[in-house]
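What follows is the residue order along each chain.
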Amino acid sequence: MNTGIQSAAYIAASVLFILSLGGLAGQESAKRAVWYGIAGMTLAVGATVISAQVGFSIVLAGMLALGAVLGAVLARRVEMTAMPQLVAALHSFVGLAAVFIGLDSDLTPHEFVSAAERNIHEAEIFLGVFIGAVTFTGSIIAYGKLSGRIGGRALVLPGRHAYNIVMVVAAVGLMGLYMQHAGSWTLYAMTLIACVLGIHLVMAIGGADMPVVVSMLNSYSGWAAAATGFLLGNDLLIVTGALVGSSGAILSYIMCQAMNRSFLAVILGGFGNAPGTTVTMQGEQIGIDTEGVAAALEQAESIIIVPGYGMAVAQAQGAVAELTHRLRAAGKQVRFAIHPVAGRLPGHMNVLLAEAKVPYDIVLEMDEINQDFPTTDVVIVIGSNDIVNPAAQEDPGSPIAGMPVLEVWKAKLVVVSKRGQGTGDSGIENPLFYRENTRMFYGDAKASISALIAATSLATAPA
């Protein structure tokens, strides 16, 4: 393939990637956006592997086929509840690839026309390896936390910020030595330090912040790819990496705003180890049975459902969709309220509901629906905790003070579907559960909602 055709293919792929990102902004266009991304990546890979710089071979064809098969099998087997940890694992591959490419470039002899060109090349190697190593190990830890293989509590070591500063300063010092041609050992030492830094940074971040961590690692992987693009002189990799890096950073910022926390506070970690709210819980949690919830729904005219990670764990989205269908068939207004950090991944709840065929037009973001709770008859909270916690507004001493939350307690009746009486990812007690207008609907969400459908007269509503 000549350079002109390859450049045209890269431009087309870049346009498709931009269209893909733009389409993901809405649920209606998301499926089309995914196909744009698939087409762009197929075009990009095809143009690269048959280019004169790479050279197509049987070994390369075999690796491409193996990767495609493994990716397809993995994607088909992974449940939606495990999608966050899959994304984290894939980020680790990007980071590891950046490390390998940087180390390979260091080992490969190069001819430079000037000292400035050599310095730029060495800086690209060092930065690419550093970002890639942090992304690699940080993503592995994120995968472990999301999958439950590593505890979700933040690991807060005494003087942890000083450790981070020392590691960054050491990496900068090694970069200076590397660019003074002290030897490849400086690059290897920095790689080890960056790996430890990635582990320490993510271990210090608690479970409540994991949605931001996934988005942050997405940004890191993008910048690692961009650095690799500069190293290889690949314009498409630079563009793609910049798109991923900037979009991930913007998404992280938006999510931090949704939690009323600074991005720096999130990546420095430590959140989630606080003893909890300073307000003493008053009253008691009042339970409700299936018949009681069914009666409340039959009398209600307006209903809002608030899904959370507990719905994903129980795989209850199908039952929730069926309940929604029957309630709407009975003439009731049913809508969903989605908090920006509900679940373990940005848009996690939206994807689950779309998978269950819930109409897009009744799935609303927090800012669109928060003012409607006072006029709502029944709110059903399914597996959510921190995002419906009134302590965020009422307790200045709470670790989540100031965090925008869904004001479900303003409804006439709040039904909380919950497996047990535990706290959320942040470890903070929720005063909502003790309110006079709150009833606790204990049990597995899927089983509870299925029993609720059967217990109502709506079970015979026309399909």
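Residues numbered from 1 in each chain as written. Predicted model: local features only at pLDDT ≥ 70, side-chain atom pairs only at ≥ 80, totals over all residues. Heavy atoms only, no water.

(A) Focus on the overall build of the chain. Secondary structure assignment for the chain yields 17 helices and 6 strands. What you see for the chain is a C-alpha radius of gyration of 25 Å, in line with the 23 Å of a compact globule of 463 residues. In terms of principal-axis extent, the alpha carbons of the chain reach across some 80 × 50 × 35 Å. By residue count, 48% of the 463 residues in the chain fall in the buried class. As presented, the chain carries roughly 21,200 Å² of accessible surface, and 64% of it is formed by carbon and sulfur atoms. The averaged location of the 31 negative side-chain charges in the chain is 5 Å from the averaged location of its 23 positive side-chain charges. (Helix = DSSP H or I, 4+ residues; strand = E, 2+ residues; numbered from the N terminus. Rg over C-alpha atoms; globule rule 2.2 N^0.38 Å. Buried < 20%, exposed > 50% of the residue type's maximum accessible area, 1.4 Å probe, protein only. Areas by Shrake-Rupley, 256 points an atom, 1.4 Å probe, with all protein chains shown as cover. Lys, Arg positive; Asp, Glu negative; His and termini not counted. Charge placed at Lys NZ, Arg CZ, Asp CG, Glu CD.)

(B) Quick look at the sheet that holds strand E5 (residues 413-418). Here we have 6 strands laid out as an open sheet, ordered E3-E2-E1-E4-E5-E6, and parallel in their pairing. A single partner strand is all that each edge strand has here, and the edge strands are strand E3 (363-365) and strand E6 (438-442). Between one strand and the next, the sheet's axes are offset by a mean angle of 25°, whatever the strand orientation. In the sheet, strand E4 (residues 378-382) pairs with E5 via 5 bridges, with the strands oriented parallel. The residue of E5 that forms the bridge with Ile-380 is Val-415. (Pairing = 2+ DSSP bridges. Axes fitted to C-alpha atoms, helices over the stretch in contact; angles between N-to-C directions.)

(C) Structural context of the pattern of salt bridges. Scanning the model with the defined rule gives 6 salt bridges in all. The residue Arg-335 makes a salt bridge to Asp-372 at a minimum N-O spacing of 2.8 Å. Residue Arg-335 is located in strand E2 (residues 333-338), and its partner Asp-372 is located in the loop between helix H15 (366-369) and E4; the two are separated by 37 residues in the primary sequence. Using a relative accessible area of 18% as the deciding quantity, one classes Asp-372 as buried. (Salt bridge = Lys/Arg side-chain N within 4 Å of Asp/Glu carboxyl O.)

(D) Here's a closer look at the side chain of His-121. Within the secondary structure layout, His-121 lies in helix H5 (residues 115-147). According to the relative accessible area criterion, His-121 is buried, its value standing at 11%. Among the polar contacts listed, one links the side chain of His-121 to the side chain of Ser-105, at a separation of 3.2 Å. (Polar contact = N/O pair within 3.5 Å; in protein donor to acceptor, adjacent residues only side chain to side chain.)

(E) Representation of the nonpolar core within the structure. Core analysis: the largest hydrophobic core is formed by 70 residues, its most contacted members being Leu-297, Ile-303, Val-306, Val-378, Leu-406 and Val-408. Excluding residues within four positions of it along the chain, Val-306 makes contact with Ala-337, Val-379, Ile-380, Val-381, Ile-382, Ser-384, Ile-387, Val-388, Leu-406 and Val-408. Val-99, Leu-103, Val-134 and Leu-187 belong to the second largest nonpolar core, which has 19 residues in total. (Core = buried A, V, L, I, M, F, W, Y, C linked by side-chain atoms within 4.5 Å. Contact = heavy atoms within 4.5 Å.)

(F) Region of the structure containing the packing of helix H8 (residues 210-232) against helix H9 (residues 235-258). Look at H8 against H9: their axes get within 7 Å of each other, and the N-to-C directions meet at 160°. With respect to H9, the element H8 is oriented roughly antiparallel. Handedness of the H8/H9 crossing: left-handed. Partitioning the contact of H8 with H9 into residue classes produces 16 nonpolar, 12 polar and no charged. (Parallel < 35°, antiparallel > 145°, perpendicular 65-115°, else oblique. Left-handed = near helix turned anticlockwise from the far one by under 90°. Nonpolar A, V, L, I, M, F, W, Y, C, P; charged D, E, K, R; others polar.)

(G) Layout of the environment of Val-414. Considering the arrangement of structural elements, one finds Val-414 in strand E5. For the pair formed by Val-414 and Leu-432, sequence separation is 18 residues and the distance between their alpha carbons is 8.8 Å.

(H) Representation of empty space enclosed by the protein in the model. Tallied over the full model, the rule gives 1 cavity of 30 Å³ or more. The calculated volume of the largest cavity comes to roughly 50 Å³. Together, Val-134, Gly-138, Gly-198, Leu-201, Val-202, Ile-205, Met-216, Leu-217, Tyr-220 and Ile-267 line the largest cavity. Contributing elements (two or more residues each) for the lining of the largest cavity: H5, helix H7 (185-203) and H8. (1 Å grid on protein atoms, 1.4 Å probe; cavity = no way out; pocket = protein on both sides within 12 Å on 5 of 7 lines; lining within 4 Å. Points joined across faces, edges and corners; volume = space filled by probe spheres on them.)

(I) Focus on the side chain of Ser-14. Tracing the backbone through its elements, the reader meets Ser-14 in helix H1 (residues 3-23). Classification of Ser-14 by relative accessible area gives buried; the value is 12%. Discounting residues that sit within four places of it in the chain, Ser-14 has contacts with Leu-236 and Val-239.

(J) Broad picture of the pairing of strand E1 (residues 302-307). Taking burial as the measure, the 6 residues of E1 include 6 buried ones, the bulk of the element. Going residue by residue along E1, you find Ser-302, Ile-304 and Val-306 tucked away on one face and Ile-303, Ile-305 and Pro-307 tucked away on the opposite face as well. In this structure, E1 lies alongside E2, joined through 4 bridges in parallel fashion. The residue bridging Ile-304 from the neighbouring strand is Arg-335, located in E2.

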